[in-house]
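# Residue-level structure breakdown
One letter stands for each residue in the lines below.
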Amino acid sequence: MKKKILILGGGISKERSISLETAKQVKNTLKNKYKVLQCDLDKNFQSKLKTFKPDIIFNALHGRFGEDGYAQTILENSKVKYTHSGVLSSALAMDKVASKQIFKKNKLLTPNFFKLNNNFKLGDLKNKIKKNLGFPVVMKPINEGSSVDVYISNEKNLRKNLSKLRSYREILIEEYIGGREIQAAILGNRKLGVIELKPKRKFYDYKAKYDLKSKTKHIMPVNLTKKNLDKVLDIALKAHKILKCRGVTRSDFKFYQNKFYLLELNTQPGMTKLSLVPEIAAYYGISFIKLIQLILKDASSNK
């Protein structure tokens, strides 16, 4: 009998459309070898779970309520094995302040930062930035993915960019690091590989990731010495292990003055036609279906 795979996609985050595309790609890839059903994490989820009785749930959700521990809690209660990281790992990785504190504690280089709530005075904030970080700074929500609502701010556009983030209770103010955009992928304890990105835009933001017209250049093999290539993969694997992740993760780095700055770790990277992890895997001889099967195998080995 074919194994039953329930593919969970959609959700209610700002990344819903990307999640649906990931779910679609996974479904189309698996449908000839497995019995598959795609569904959303909505009021019909539990009934579909009972009637379909899956062997494994492939979690293709992205963003808030999908990769921050919320969905994982529901999946834990279902008693069905599911892909990607568990409750605590997902929550810590999604919380950019918590994860960066853990990175710093474990001697992983990450840009300096502080947390800001929406009850602040602009003058005080400017002084704090000048004293602790210096301009420009990166501003972003603490718990969004896919570079949603990320802005690079100087003194002139600080007020304008802050107004765009007013809907968030807390945001992260982070030291801006120049240099090269490097991404490293891990699957279980395996170092999948590294890719470099050269966006036409100011940085690798949401539009650069998902808009075909953005013309972001993807570079493999990455022009790094073997020592630096090994180093960035070692850091990515260490971050993966520190947060006790499972399945596949992608760590985002800036490479500046011969140092790798770990920006964040993504516990549920996209699996769309423009996604980086499948591209990295393909370059190293791992087909898309093989990649998905490895992710499924990793899930099935976790009790």
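What counts as what
- Residues numbered from 1 in each chain as written.
- Predicted model: local features only at pLDDT ≥ 70, side-chain atom pairs only at ≥ 80, totals over all residues.
- Heavy atoms only, no water.
- Core = buried A, V, L, I, M, F, W, Y, C linked by side-chain atoms within 4.5 Å.
- Buried < 20%, exposed > 50% of the residue type's maximum accessible area, 1.4 Å probe, protein only.
- Helix = DSSP H or I, 4+ residues; strand = E, 2+ residues; numbered from the N terminus.
- Contact = heavy atoms within 4.5 Å.
- Patch = residues over 30% accessible without salt bridge, like charges linked within 9 Å, V, L, I, M, F, W, Y side chains within 5 Å.
- Areas by Shrake-Rupley, 256 points an atom, 1.4 Å probe, with all protein chains shown as cover.
- Salt bridge = Lys/Arg side-chain N within 4 Å of Asp/Glu carboxyl O.
- Pairing = 2+ DSSP bridges.
- Right-handed = clockwise from strand over helix to strand, strands pointing away.
- Axes fitted to C-alpha atoms, helices over the stretch in contact; angles between N-to-C directions.
- Parallel < 35°, antiparallel > 145°, perpendicular 65-115°, else oblique.
- Nonpolar A, V, L, I, M, F, W, Y, C, P; charged D, E, K, R; others polar.
- Phe/Tyr/Trp six-rings, centres within 6.5 Å; stacked < 30°, edge-to-face > 60°.
- Polar contact = N/O pair within 3.5 Å; in protein donor to acceptor, adjacent residues only side chain to side chain.

Another aspect to go through is the nonpolar core. One finds Ile5, Phe58, Leu192 and Leu291 to be the most contacted residues of the largest nonpolar core, which totals 29 residues. Sorting the residues of this core by element identifies strand 1 (4-8), helix 1 (16-30), strand 3 (56-59), strand 9 (180-187), strand 10 (190-198), helix 10 (276-283) and helix 11 (288-300) as the ones contributing at least two each. If one sorts the elements of this core by residue count, helix 11 sits on top with six residues. Here leucine 291 is in contact with Leu187, Leu192, Met271, Val277, Pro278, Ala281 and Ile286, once residues within four sequence places are set aside. Ile186, Val232, Ala236 and Phe253 belong to the second-largest nonpolar core, a separate cluster that totals 22 residues.

Okay, a nonpolar patch on the surface next. A surface patch of nonpolar side chains, about 330 Å² in accessible area, is lined by Ile12, Phe65 and Tyr70. Within the secondary structure, isoleucine 12 sits in the loop between strand 1 and helix 1.

The side-chain alternation of strand 3 yields two buried faces, one formed by Ile56 and Phe58 and the other by Ile57 and Asn59. Taken together, the two bridges between strand 3 and strand 4 (residues 81-82) define a ladder with parallel strand orientation. Bridge assignment links isoleucine 56 to a residue of strand 4, and that residue is lysine 81. After leaving strand 3, the chain enters helix 3 (residues 70-78) and then returns to the sheet as strand 4, a path that is right-handed.

Here we come to the packing of helix 4 (residues 87-94) against helix 5 (residues 96-105). Geometry of a packed helix pair, given as the angle between the helix axes and the separation of the axes. At a minimum axis distance of 5 Å, the contact between helix 4 and helix 5 shows a crossing angle of 95°. Put simply, helix 4 runs roughly perpendicular to helix 5. Of the residues in helix 5, those touching helix 4 at Leu92, Ala93 and Met94 are Lys96, Ala98, Ser99 and Ile102. Looking at side-chain class alone, the contact of helix 4 with helix 5 contains five nonpolar, one polar and one charged residues.

Another point: the packing of aromatic side chains. This model, assessed by the stated rule, comprises four aromatic pairs. Ring plane angle 80° and centroid distance 6.2 Å describe the contact between phenylalanine 253 and phenylalanine 260, whose orientation is recorded as edge-to-face. Like phenylalanine 260, phenylalanine 253 is buried. Ring centres of tyrosine 283 and tyrosine 284 lie 5.0 Å apart, and the angle between their planes is 80°; on these two criteria the pair is classed as edge-to-face. Three or more aromatic residues joined by ring pairs make a cluster, and in this case those are Phe253, Phe255 and Phe260.

Here the focus is the side chain of asparagine 266. By the secondary structure assignment, asparagine 266 is in strand 13 (residues 259-266). When its relative accessible area of 11% is taken as the criterion, asparagine 266 is described as buried. Here the side chain of asparagine 266 touches aspartate 252 through a polar contact of 3.3 Å, side chain to side chain.

Here four strands make up an open sheet; going across it, the order is 5-8-6-7 and the pairing antiparallel. Every other strand in the sheet has two partners, leaving strand 5 (113-117) and strand 7 (151-153) as the edge strands with one partner each. Sheet twist, expressed as the mean angle between neighbouring strand axes with direction ignored, is 30°. Bridging between strand 6 (residues 137-141) and strand 7 involves three bridges; their strand directions are antiparallel. What sits directly across from methionine 139, in strand 7, is tyrosine 151. Docked against the sheet, helix 5 engages strand 5, strand 6 and strand 8 (170-175), running at close to 155° with respect to strand 5.

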